[in-house]
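Residue-level listing of the chains:
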Amino acid sequence: MLQKLVSAPVRRWAGIIAVALIGAAIGLVIGGSVTHDVGPFEARLSVIGSVHGGGVAVHVPPLGDLTTRAYDGPLQLKIELTQLRQAEAQQLLRDPAKLANLGDDAADDVQSAVIRLAIQSVLAAVLGAAVLSFVVYRRRSRAAIAAGVASVLMLGTAGIGAATWSTRALTEPRYTGLLTNAPSLVGNARDVVSRFDVYRKELAGLITHTSRLYGALSKLPTYEPDDSTIRVLHVSDLHLNPSAFNVISSVSQQFKVNFIVDTGDLVDWGSTTESSYANRIGHLHKRYIFIRGNHDSARTADAVARQPNTTVLQGTQPITVDGLTIIGTSDPRFTPDKETRDDTASNDKIQSAGRKLAALVDRMKSPPDITMLHDPASAPPLKNKVPLILSGHLHKREVRQLGTTQVLVEGSTGGAGLRGLEHEQPTPLECSVLYFDSGTHKLEAYDDITLGGIGETEATIQRHVVAPTH
């Protein structure tokens with residue numbers, strides 16, 4: 001039946017194209033990779049098919065993987081570091097001139113390797129298509145057609161990649177691997193284009209600190225934040241999960257955060273017994289700023305306030321921490337049970353929290369740098385009045401824009417506590433590191449951290465660079 005509906009020429013051409021595509025894929029598997037020296041390292045570059053679209057993936061064993069969606073298309077560039085030549089590395093360390101040029105030399109090495117890979121991949125795909133077509137059809141003419149199809153495929157893929165290339169994507173890598181390696185692999189918030197000299201100097205440190213290698217390969221901003229960068233850890237909705245404070249402690253140390261902000265729901269029922277959970281805050285040895293969520297009682301807030309180096313915001317006045325001005329207010333509800341959470345009176349109270357802070361902003365000489373709310377539904381009264389609102393409550397991340405006001409909704413740093421086990425897949429543990437410019441106090445970038453897996457040490461980290469406002 002199908003043969004009657006489709007003409008013979010169409011079936012013939014469809015067969016030739018299918019054989020060409022299969023042959024090209026086989027050719028890429030066999031010949032679509034090269035080994036090339038990158039500074040003191042040996043790297044393997046390959047072109048692989050990807051159902052998720054094009055991009056660059058860098059594997060740095062045993063530290064982890066970095067990926068970035070730099071372009072669209074069916075092929076992905078994969079770079080894997082296979083060996084460090086110790087003798088050459090030691091020689092570089094003894095030669096300051098060579099060490100100073102390491103960043104530029106490594107970039108040139110990668111460029112040469114990519115050009116070589118591109119030529120070899122095209123030849124491999126064309127040859128694979130031609131050989132398979134000849135084996136199937138035993139005709140040179142069909143093999144030539146298949147080679148032409150493969151050539152068009154590779155050139156078309158290259159054209160799509162060039163047309164969709166995104167420099168911004170290179171500044172927003174996604175990291176998967178051990179949490180302890182995350183800061184140095186993902187890098188800091190500064191834009192490498194505007195601070196290339198600093199970047200190049202820091203790049204030399206990859207000899208003594210292997211986790212910076214990816215910076216040499218792709219020119220991503222992998223240098224450490226300077227002393228002036230203000231790093232803030234945003235957590236929310238811990239819900240009594242004992243693992244949450246382990247995560248907070250690890251992230252705050254690895255990312256060297258200046259202080260921590262918590263947008264509420266530390267506990268589940270606000271009971272006196274639960275108040276002892278707040279004692280873990282004192283062991284963090286970091287400034288801790290807290291607002292009460294709808295699951296936190298006045299007893300909970302008092303327990304937090306008793307911890308050293310901790311501030312509980314009540315919406316009455318701003319505070320300044322490491323140069324950043326912060327305001328925040330507690331959720332006006334106390335609704336730990338689901339029955340009283342969504343009534344009309346409760347919705348009015350939610351809006352009142354935003355209006356309370358809006359009135360405080362009107363009395364201030366300049367807008368605060370950070371505004372803390374538990375429920376993002378309280379944010380509308382603050383539209384265009386503050387630059388940044390941090391909130392939680394939803395147990396999932398969201399980014400909202402209210403005019404000039406950016407709202408970052410954090411997921412549950414406690415995996416929503418016992419609630420996280422109600423679904424087929426457990427709720428992940430989530431938090432974010434925010435990077436502020438010490439001069440302008442503007443948010444430059446933030447890393448969304450999602451933790452889970454073996455021993456809660458495996459992390460996925462997505463970099464977001466904040467577009468400058470004018």
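These numbers come from a predicted model, not from an experiment.

Rules used in this analysis
Residues numbered from 1 in each chain as written. Predicted model: local features only at pLDDT ≥ 70, side-chain atom pairs only at ≥ 80, totals over all residues. Heavy atoms only, no water. Helix = DSSP H or I, 4+ residues; strand = E, 2+ residues; numbered from the N terminus. Contact = heavy atoms within 4.5 Å. Areas by Shrake-Rupley, 256 points an atom, 1.4 Å probe, with all protein chains shown as cover. Salt bridge = Lys/Arg side-chain N within 4 Å of Asp/Glu carboxyl O. Buried < 20%, exposed > 50% of the residue type's maximum accessible area, 1.4 Å probe, protein only. Pairing = 2+ DSSP bridges. Axes fitted to C-alpha atoms, helices over the stretch in contact; angles between N-to-C directions. Expected span 1.5 Å × (residues − 1). Left-handed = near helix turned anticlockwise from the far one by under 90°. Nonpolar A, V, L, I, M, F, W, Y, C, P; charged D, E, K, R; others polar.

Student: I'm lost on the overall build of the protein in this one. Help?
Tutor: Across its full length, the protein carries 13 helices and 19 strands. Considering only contacts in the protein between residues 6 or more positions apart, those separated by 24 or more positions represent 64%. Accessible surface, the protein: about 21800 Å² in total, of which carbon and sulfur atoms supply 56%.

Student: Could you clarify how one ought to interpret the pattern of salt bridges in this entry?
Tutor: Any two side chains of opposite charge can pair, so long as their charged atoms come close to each other. Within the structure shown, the criterion is met by eight salt bridges. The salt bridge involving D375 is made with R333; its shortest N-O contact spans 3.2 Å. Linking D375 in the loop between strand 13 (370-372) and strand 14 (388-391) with R333 in the loop between strand 12 (324-328) and helix 13 (344-363), this pair joins segments that are 42 residues apart in sequence. A single burial state applies to D375 and to R333, both of which are buried.

Student: Would you mind going over the sheet that holds strand 13 with me for this structure?
Tutor: Strand pairing in a sheet takes place through backbone hydrogen bonds and is either antiparallel or parallel in direction. The strand order 11-12-13-14-16-15 describes an open sheet built from six strands, whose pairing is mixed. At either margin of the open sheet sits one strand with a lone partner, and together these are strand 11 (319-321) and strand 15 (398-402). Mean inter-strand twist for the sheet, computed between neighbouring axes without regard to direction, equals 25 degrees. In this structure, strand 13 lies alongside strand 14, joined through two bridges in parallel fashion. Residue pairing in the sheet places T371 in a bridge with I389 of strand 14.

Student: Could you clarify how one ought to interpret helix 2 (residues 8-31) in this entry?
Tutor: In an α-helix, one full turn covers 3.6 residues, which means residues spaced three or four apart are oriented alike. Counted at 1.5 Å a residue, the expected span for helix 2 with its 24 residues is 34 Å, and the 34 Å between its end C-alpha atoms agrees. Within the span of helix 2, buried status applies to I16, V19, A20, G23, A24, G27, L28 and G31.

Student: Explain the packing of helix 2 against helix 6 (residues 140-163) to me, please; I cannot follow it from the model alone.
Tutor: Packed helices, taken two at a time, are described by the angle between their axes plus the distance between the axes. Packing of helix 2 against helix 6 brings their axes to within 9 Å, and their N-to-C directions diverge by 65 degrees. Where helix 2 crosses over helix 6, the two elements pack in a sense that is right-handed. Two secondary-structure elements touch here, helix 2 through R12, W13, I16, I17, A20, L21, A24 and L28 and helix 6 through R142, I145, A146, V149, A150, L153 and M154. Looking at the contact of helix 2 with helix 6, its residues break down into 13 nonpolar, no polar and two charged.

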